[in-house]
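Coordinates in review
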Amino acid sequence: MTTHEADRNRSRLMVAVGTLAALVLGGVLLFGVYGKALDPDGFTKHMETNGIVVPGLDLDLTFGLPPRFSWRCSRSPETLIGAAGVFNVRRLWS
């Protein structure tokens, strides 16, 4: 096998692994959106009691915003990124 053929095989493998990873991550994100859409009150209740805290740093990632606002703001990017992964619309920035 020549060096060019080995590079081509490695490239195909990397594309296949990247596609599979994007599909899995996109599915996980879309499943999360689905769960939040089924029970928005449960999600906001969870955010009120637990928040989003980075362990060890005691940094609250809600930035003092109300939980309902973070629920509404998290749905759109999560849906778009999940759909991009599932439909294989991937670029370096996504």
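Definitions and cut-offs
- Residues numbered from 1 in each chain as written.
- Predicted model: local features only at pLDDT ≥ 70, side-chain atom pairs only at ≥ 80, totals over all residues.
- Heavy atoms only, no water.
- Helix = DSSP H or I, 4+ residues; strand = E, 2+ residues; numbered from the N terminus.
- Buried < 20%, exposed > 50% of the residue type's maximum accessible area, 1.4 Å probe, protein only.
- Contact = heavy atoms within 4.5 Å.
- Patch = residues over 30% accessible without salt bridge, like charges linked within 9 Å, V, L, I, M, F, W, Y side chains within 5 Å.
- Areas by Shrake-Rupley, 256 points an atom, 1.4 Å probe, with all protein chains shown as cover.
- Salt bridge = Lys/Arg side-chain N within 4 Å of Asp/Glu carboxyl O.
- Axes fitted to C-alpha atoms, helices over the stretch in contact; angles between N-to-C directions.
- Parallel < 35°, antiparallel > 145°, perpendicular 65-115°, else oblique.
- Left-handed = near helix turned anticlockwise from the far one by under 90°.
- Nonpolar A, V, L, I, M, F, W, Y, C, P; charged D, E, K, R; others polar.

So, the overall build of the chain
- Within the chain, the regular secondary structure consists of three helices and two strands.
- Starting at the N terminus and ending at the C terminus, the chain contains elements arranged as α-α-β-β-α.
- Taken over 94 residues, the chain has a buried fraction of 18%.
- Looking at the chain alone, contacts between residues at least 24 apart form 70% of all its contacts between residues at least 6 apart.

Overview of a nonpolar patch on the surface
- A cluster of nonpolar side chains, L20, L23, V24, V28, V86, F87 and V89, forms an exposed patch at the surface whose accessible area comes to about 660 Å².
- The leading source of residues in the nonpolar patch is helix 1 (residues 3-38), at four residues.
- With respect to the secondary-structure elements, V24 resides in helix 1.

Description of the side chain of E78
- The residue E78 is located in helix 3 (residues 67-86) in this model.
- Dropping the residues within four chain positions of it, E78 is found in contact with L29, G32, V33 and K36.

Considerations on the packing of helix 2 (residues 40-50) against helix 3
- Put simply, helix 2 and helix 3 touch, their axes get as near as 9 Å, and they point 120° apart. Looking at the two axes, helix 2 sits oblique to helix 3. For the element pair helix 2 and helix 3, the recorded crossing hand is right-handed. Across the interface between the two elements, P40, D41, F43, T44, M47 and E48 from helix 2 touch P67, R68, S70 and W71 from helix 3.
- Across the contact of helix 2 with helix 3, the residue classes break down as five nonpolar, two polar and three charged.

Here's the deal with the pattern of salt bridges
- By the definition in use, this model includes one salt bridge.
- Between E78 and K36 there is a salt bridge whose closest N-O contact spans 2.6 Å. Taken together, the residues E78 in helix 3 and K36 in helix 1 connect sequence positions 42 residues apart. Both residues of the pair, E78 and K36, count as buried.

As for the environment of T44
- Summarising the element assignment, T44 is placed in helix 2.
- It is 9.1 Å that separates the C-alpha atoms of T44 and F69, two residues lying 25 residues apart in sequence.
- Excluding residues that lie within four positions of it along the chain, T44 makes contacts with P67, R68 and W71.

Keep in mind these numbers describe shape, not what the thing actually does.
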